[in-house]
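Chains, contacts and geometry: an overview
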Amino acid sequence: MLEKSGATPAATPPTAAKTSSEYPKLLHMNGTDITTQTPPVDARFFPRDEHFMRLALREAARALDHGDIPVGAVVVHGGEVIAAGHNERELRGDPTAHAEMVALREAARVLDGWRVLDSVLYVTLEPCAMCAGAIVLARVPRVVIGTADPKAGAAGSVLNVLAEPRLNHRPAVDSGLLADECANLLRAFFASRR
């Protein structure tokens, strides 16, 4: 079940790009590295899920180097990371360069086909409608989400593309893994732009 966090405003005023080194509190909330905090045990998640979500968080922080919203995604196949991506819309000037899209394109290339079967997509922010559609089309069997996106989320917050019974594929979805860390990264980014 997704929790509403209010993590992402719909639009932010344009400002000069900042690097990840200019956001020390994004990586060290209250002096603690967000990539090493330990959440309470949750039966919805497998033991390695936290490890892979932490990799997605690190990928999200890379988006800060070019002024993009810090969202990260990794695709795991056979227990190994085969693809990773972070938001690159500002960097590429491409409205489709969301973290999930970047990671899915790379996973399809690595797997030599458009089906991303027997894989898990870890993403720090609930996918939008475009990304959720790509997840369905790629036949990703499982998606693990960090935090909800109450303004544009398409995995239960605004829409639920991933559970739409009229579509030919519905992945398993587990939400809320490292939700606070994922949301804090986004909140700090947007607070720095106000």
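The structure displayed is predicted, hence computed values, not measured ones.

Overview of the overall build of the protein
Secondary structure summary: the protein contains 6 helices and 7 strands in total. Secondary structure elements in the protein, listed N-terminal to C-terminal, are α-β-β-α-β-β-α-α-β-α-β-β-α. Among the 194 residues that make up the protein, the fraction classed as buried is 48%. Expressed as a percentage of contacts within the protein between residues at least 6 apart in sequence, the contacts between residues at least 24 apart total 64%.

Some words on the environment of Leu 111
Relative to the helices and strands, Leu 111 resides in helix H4 (residues 99–111). The sequence separation of Leu 111 and Ile 82 amounts to 29 residues, and the corresponding C-alpha distance is 8.6 Å.

What about the nonpolar core?
In terms of nonpolar packing, the biggest core is built from 33 residues, with Val 75, Leu 104, Val 140 and Val 143 touching the most fellow members. Those elements that provide at least two residues to this core are strand E3 (72–77), strand E4 (80–86), H4, strand E5 (119–125), helix H5 (129–137), strand E6 (142–147) and helix H6 (179–192). The residues touching Val 75, leaving out its near neighbours within four places in the chain, are Glu 80, Val 81, Ile 82, Ala 83, Ala 103, Leu 104, Ala 107, Val 116, Ser 119, Val 120 and Leu 121. Among the nonpolar cores identified, the runner-up in size contains 15 residues, and Phe 52, Met 53, Ala 60 and Tyr 122 belong to it.

Points about the pairing of E5
Judged by how many residues are buried, E5 sits mostly within the fold: 7 of 7 residues are covered. As paired strands, E3 and E5 are joined by 5 bridges and run antiparallel to one another. Across the sheet, the residue bridging to Ala 73 is Val 123, located in E5. Note that E5 and E6 share 5 bridges and pair parallel. From the neighbouring strand, Val 123 faces E6, where its bridge partner is Ile 145. Running through H5, the crossover from E5 to the neighbouring parallel element E6 is right-handed.

Reading the values: the criteria
Residues numbered from 1 in each chain as written. Predicted model: local features only at pLDDT ≥ 70, side-chain atom pairs only at ≥ 80, totals over all residues. Heavy atoms only, no water. Helix = DSSP H or I, 4+ residues; strand = E, 2+ residues; numbered from the N terminus. Buried < 20%, exposed > 50% of the residue type's maximum accessible area, 1.4 Å probe, protein only. Contact = heavy atoms within 4.5 Å. Core = buried A, V, L, I, M, F, W, Y, C linked by side-chain atoms within 4.5 Å. Pairing = 2+ DSSP bridges. Right-handed = clockwise from strand over helix to strand, strands pointing away.

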